[in-house]
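Descriptive analysis of the structure
Listed below are the residues making up each chain.
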Amino acid sequence: MMKDTITDLLIKIPMFAGLDADELPIIEKHIKLFEIEQGETLFTEGDRGEYVCFVVDGRLEVTKKTITGENFVLNTLARGQSVGEMSIIDKRPRSATVRAKTKATLFTLEGNDFEVIMKEYSVIGMKVLKGLALLLSKKLRQTSSRLVSYMATAG
């Protein structure tokens, strides 16, 4: 049994950092909690993207196929980190494969639930959207830095 409630866990996730304590239960109503076993695939590159996933406990490994068909590890995710944020915005196929590196507890926010929050709780929705934009901006900056580092060592 988890000692933290979903609301306690939401507080620790950057996408929800701008929410007040009384707004978090609204998000909690739309969260689905589940476990994934070590080695199990959460989703595969090219799958339909329908939700964002948050790591409550454990580790996930994010990989992408290279043009030669090899799997390249992009990132390892731990507690409080998320994956699949783009899918609730653009509804495009997954850009990477995610597997459980260890047994993991996760929760998801589906795109349809995100839309409900945006429509029915517009103030909360705007705060979540801002948190999402900040998170994606941070990830883009990290990716840009990694690309520059890679280019400097490859050249």
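Residues numbered from 1 in each chain as written. Predicted model: local features only at pLDDT ≥ 70, side-chain atom pairs only at ≥ 80, totals over all residues. Heavy atoms only, no water.

Another point: the overall build of the protein. When its secondary structure is counted, the protein shows five helices and eight strands. Taken from N to C terminus, the helices and strands of the protein fall in the order α-α-β-β-β-β-β-β-α-β-β-α-α. The C-alpha radius of gyration computed for the protein amounts to 16 Å, which stays within 12% of the reference 15 Å derived for 155 residues, consistent with globular compactness. Here the C-alpha coordinates of the protein stretch approximately 50 × 30 × 25 Å along the principal axes. Burial statistics for the protein: of 155 residues in total, 37% are counted as buried. A sequence separation of at least 24 residues applies to 73% of the contacts in the protein between residues at least 6 apart. Of the accessible surface of the protein, which amounts to about 9400 Å², a share of 56% is contributed by carbon and sulfur atoms. (Helix = DSSP H or I, 4+ residues; strand = E, 2+ residues; numbered from the N terminus. Rg over C-alpha atoms; globule rule 2.2 N^0.38 Å. Buried < 20%, exposed > 50% of the residue type's maximum accessible area, 1.4 Å probe, protein only. Contact = heavy atoms within 4.5 Å. Areas by Shrake-Rupley, 256 points an atom, 1.4 Å probe, with all protein chains shown as cover.)

Before going further, it helps to examine helix H5 (residues 122-154). With 33 residues, H5 extends 47 Å between its outermost C-alpha atoms, agreeing within 8% with the 48 Å of an ideal straight helix rising 1.5 Å per residue. The complete set of buried residues in H5 reads Ile124, Gly125, Val128, Gly131, Leu132 and Leu135. Buried positions along H5 lie against helix H2 (24-28), strand E6 (82-83), helix H3 (87-90) and helix H4 (111-120). (Expected span 1.5 Å × (residues − 1).)

So, on to the nonpolar core. Membership of the largest hydrophobic core comes to 22 residues, with the highest contact counts inside it found for Met15, Phe16, Ile27 and Leu109. Of all the elements in the fold, those that place two or more residues in this core are helix H1 (6-11), H2, strand E3 (51-57), strand E8 (104-110), H4 and H5. Look past the residues within four positions of leucine 109 in its chain and what remains in contact with it is Met15, Phe16, His30, Ile31, Tyr51, Val52, Phe54, Ile88, Phe114 and Ile117. Counting residues in hydrophobic clusters, the runner-up holds 15 residues, among them Cys53, Val62, Val83 and Leu106. (Core = buried A, V, L, I, M, F, W, Y, C linked by side-chain atoms within 4.5 Å.)

The description of two helices packed together rests on the angle between their axes and the distance between the axes. At a minimum axis distance of 5 Å, the contact between H4 and H5 shows a crossing angle of 130 degrees. One element, H4, and the other, H5, form an angle in the oblique class. Residue-level inspection shows Phe114, Ile117, Met118 and Glu120 of H4 in contact with H5, the latter providing Ser122, Ile124, Gly125, Met126, Val128, Leu129 and Leu132. (Axes fitted to C-alpha atoms, helices over the stretch in contact; angles between N-to-C directions. Parallel < 35°, antiparallel > 145°, perpendicular 65-115°, else oblique.)

Let us now look at the pairing of strand E5 (residues 71-77). Two faces make up the sheet, and in a regular strand the side chains alternate between them. With six bridges joining them, strand E4 (residues 60-65) and E5 adopt antiparallel strand pairing. Paired with threonine 63 across the two strands is valine 73, which belongs to E5. (Pairing = 2+ DSSP bridges.)

Attention shifts here to a nonpolar patch on the surface. Where nonpolar side chains cluster on the molecular surface, the patch consists of Leu147, Tyr150 and Met151 and spans about 370 Å² of accessible area. Tracing the backbone through its elements, the reader meets tyrosine 150 in helix H5. The class of tyrosine 150 is exposed, set by a relative accessible area of 57%. (Patch = residues over 30% accessible without salt bridge, like charges linked within 9 Å, V, L, I, M, F, W, Y side chains within 5 Å. Salt bridge = Lys/Arg side-chain N within 4 Å of Asp/Glu carboxyl O.)

Considering all chains together, one arrives at three aromatic pairs under this definition. Seen from their ring centres, phenylalanine 43 and tyrosine 51 are 6.2 Å apart, and the 75 degrees between their planes marks the pair as edge-to-face. The exposure classification of phenylalanine 43 matches that of tyrosine 51, with both residues buried. Where phenylalanine 54 meets phenylalanine 107, the ring centres are 5.3 Å apart and the plane angle is 40 degrees; that geometry is what we call tilted. Note that phenylalanine 54 is positioned in strand E3 and phenylalanine 107 in strand E8, a separation of 53 residues in sequence. For the cation-ring pair, arginine 94 lies above phenylalanine 43, with the distance from its terminal atom to the ring centre recorded as 3.9 Å. Positioned over the ring face of tyrosine 51 is arginine 94, at 4.6 Å from the centre of the ring. (Phe/Tyr/Trp six-rings, centres within 6.5 Å; stacked < 30°, edge-to-face > 60°. Lys NZ or Arg CZ within 6 Å of the ring centre and 35° of its normal.)

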